[in-house]
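Coordinates in review
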Amino acid sequence: MSTTLTPPRSSLRGPARVVVRQHRWALWIAGGLALAAVIGMIALALRSSYVAEVFAGTGCRVDGADGNRPCMQTARNYLDSMVTYRRMFDYVATALRALPLLVSAFVAGPMIARELESGTFKVSWAQSVPPARWLAAKLAVPAVLLLAGVSVLTAVLAWARSHADTPYPGQWHDADVFSTSGVVPLAHTLFGMAVGALIGLLVRRTLLALAASALATGAVVAFFTYWRGELWPRLTISGPTLNAEEGMWWVETGHLTSTGARLPQNTCDGAVTMAGNARCLADHGITGHYLDYHPASHFWPVQLVETGILLALAALALALAFRVLRRLHG
């Protein structure tokens, strides 16, 4: 006879209220920070657009081609302001990318391991709250709030970037843009929660579980950051010259020999003169170049593949967490 580990939704209301009361200050602080971030991004986008309009009204150009000497300082001030605005958006994106690590650490440490370490979980289990229901309530509350909050933050960040009239727009494949767009942020958040729950149940020591879960989640985030280009088949262009289009994600580029073999881009970097470089190219039989890339149309395929992998890993972590919990209760 099999038993389900996921209780009906109505049975979670009591434990869920307890979770909210236990961590109400953390929830208030997180909500306040999210609200401040939303207001700040909107204000920053409007300010950036206003500064761009004022600069356009001066008739100056950022490249200095107008030859107007007074415009040089005006253009410099404008570009400095835009760099600052771009940096502020990058700070918000970096915070969103770090959110799964914080979530994982919080779930593993203060939410799970601390109760197991102090023994307060026995109070809940002794009051007709089964372990599976206890854990489900622990995870359901932050899951709902976090998914809603991350959705709002990523949507506002995308809107702010599109409305900030800046000469330094982010590319779709930039780590700070891709990791905070689409459905990938939600998948990373759920993965962080699942890993935190599993490590919290395994370690059962608050600080150690906190550090271990943050480290494990951070390793996965770093993996996808550096290997994301391998998640979907790349396109290739080759020839004596490369006609790269705007919006391409350059994954790998290098030299091609007459036999079609690939050589690294830095093969002839040691040549200090043009004659030496030509001789190096001839010695290696290099006749052209190649470029492996992702076009902008690969945004959603890469997003969905990464999301699918993360959700599968999250489901596995949750299954293992409930199994560990059942053994602890047994």
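All of the points below concern the structure found in this document. Treat the numbers as computed from the prediction; the structure is a model and nothing was measured.

**Comments concerning the overall build of the protein chain**
Scanning the protein chain from N- to C-terminus turns up ten helices and four strands. Its helices and strands in sequence order give the protein chain the pattern α-α-α-α-α-α-α-α-β-β-β-α-β-α, from N to C terminus. A buried classification covers 38% of the 330 residues belonging to the protein chain. Intrachain contacts of the protein chain at a sequence separation of at least 6 include 81% that bridge at least 24 residues. Working note: accessible area of the protein chain is about 18,300 Å², and carbon and sulfur atoms make up 64% of it.

**What to know about the side chain of Thr206**
As for its position among the elements, Thr206 is in helix α8 (residues 206-227). Here the side chain of Thr206 touches Glu117 through a polar contact of 2.7 Å, side chain to side chain. Setting aside residues up to four positions removed in sequence, Thr206 forms contacts with Gly109, Pro110, Ala113, Arg114 and Glu117.

**Some points on the state of the cysteines**
One way to say it: the disulfide is the covalent bond shared by the sulfur atoms of two cysteines. All chains considered together, the criterion is met by two disulfides. Each sulfur in the disulfide pair Cys60 and Cys71 lies 2.0 Å from the other. Judged by the sign of its S-S torsion, about -65°, the bond between Cys60 and Cys71 is left-handed. Residue Cys60 is located in the loop between α2 (24-58) and α3 (69-118), and its partner Cys71 is located in helix α3; the two are separated by eleven residues in the primary sequence.

**Some words on unusual backbone geometry**
Of note, Arg204 is a non-glycine position whose phi angle comes to about 60°, a positive value. Under the relative-accessibility criterion, Arg204 is labelled partly exposed at 32%.

**Concerning the sheet that holds strand β4 (residues 286-294)**
One open sheet accounts for four strands, arranged β1-β4-β2-β3; its pairing is antiparallel. Across the chains shown, the open sheet's two edge strands, defined by having one partner strand only, are β1 (235-239) and β3 (262-264). Each strand axis lies, on average, 35° off the axis of its neighbour in the sheet, ignoring direction. As defined by bridge partners, strand β2 (residues 249-257) adjoins β4 across eight bridges and the pair is classed as antiparallel. Counted as the bridge partner of His255 is His289 from β4.

**Brief notes about the nonpolar core**
Val103, Val107, Ile112, Leu135, Leu139, Met193 and Leu201 are the most contacted members of the largest nonpolar core, which totals 24 residues. Broken down by secondary-structure element, the contributors of at least two residues to this core are α3, α5 (131-163), α7 (184-203) and α10 (299-329). Broken down by element, the residue count for this core peaks at seven residues, all from α5. In this view, Val103 contacts Leu146, Thr189 and Met193; residues no more than four positions away in its chain are not counted. By size, the runner-up hydrophobic cluster in this structure holds 21 residues, among which are Val38, Met82, Ala93 and Val156.

**Points about the packing of α7 against α8**
When two helices pack together, their arrangement is given by the angle between the helix axes and the distance between those axes. α8 packs onto α7 with a crossing angle of 145° between their chain directions and a minimal axis gap of 9 Å. As for the relative orientation of α7 and α8, their crossing is right-handed in sense. Counting all contacts with α7, which are made through His188, Phe191, Gly192, Val195, Gly196, Ile199, Gly200 and Val203, the residues of α8 involved are Leu208, Ala209, Ala212, Ser213, Ala216, Thr217, Val220, Val221 and Phe224. Of the residues belonging to the contact of α7 with α8, the class tally is eleven nonpolar, six polar and no charged.

**Focus: the pattern of salt bridges**
Side chains that differ in charge, positive against negative, can pair when their charged atoms come close. Applying the stated rule across the entire model yields seven salt bridges. With a closest N to O distance of 2.8 Å, Arg262 and Asp292 form a salt bridge. Of this pair, Arg262 sits in strand β3 while Asp292 sits in strand β4, placing them 30 residues apart in sequence.

**Some points on the packing of α2 against α3**
Between α2 and α3, the shortest axis-to-axis distance is 10 Å and the interhelical angle comes to 160°. Viewed along their axes, α2 and α3 adopt a mutual orientation that is roughly antiparallel. Once α2 is placed against α3, the crossing between them reads as left-handed. Across from Ala26, Met41, Leu44, Ala45, Arg47, Ser48, Val51, Ala52, Phe55 and Thr58 in α2, the residues of α3 making contact are Thr74, Ala75, Tyr78, Ser81, Met82, Tyr85, Met88, Phe89, Val92 and Phe106. In terms of residue class, the contact of α2 with α3 is built from 15 nonpolar, four polar and one charged.

What counts and what doesn't
Residues numbered from 1 in each chain as written. Predicted model: local features only at pLDDT ≥ 70, side-chain atom pairs only at ≥ 80, totals over all residues. Heavy atoms only, no water. Helix = DSSP H or I, 4+ residues; strand = E, 2+ residues; numbered from the N terminus. Buried < 20%, exposed > 50% of the residue type's maximum accessible area, 1.4 Å probe, protein only. Contact = heavy atoms within 4.5 Å. Areas by Shrake-Rupley, 256 points an atom, 1.4 Å probe, with all protein chains shown as cover. Polar contact = N/O pair within 3.5 Å; in protein donor to acceptor, adjacent residues only side chain to side chain. Disulfide = S-S within 2.5 Å. Pairing = 2+ DSSP bridges. Axes fitted to C-alpha atoms, helices over the stretch in contact; angles between N-to-C directions. Core = buried A, V, L, I, M, F, W, Y, C linked by side-chain atoms within 4.5 Å. Left-handed = near helix turned anticlockwise from the far one by under 90°. Nonpolar A, V, L, I, M, F, W, Y, C, P; charged D, E, K, R; others polar. Salt bridge = Lys/Arg side-chain N within 4 Å of Asp/Glu carboxyl O. Parallel < 35°, antiparallel > 145°, perpendicular 65-115°, else oblique.

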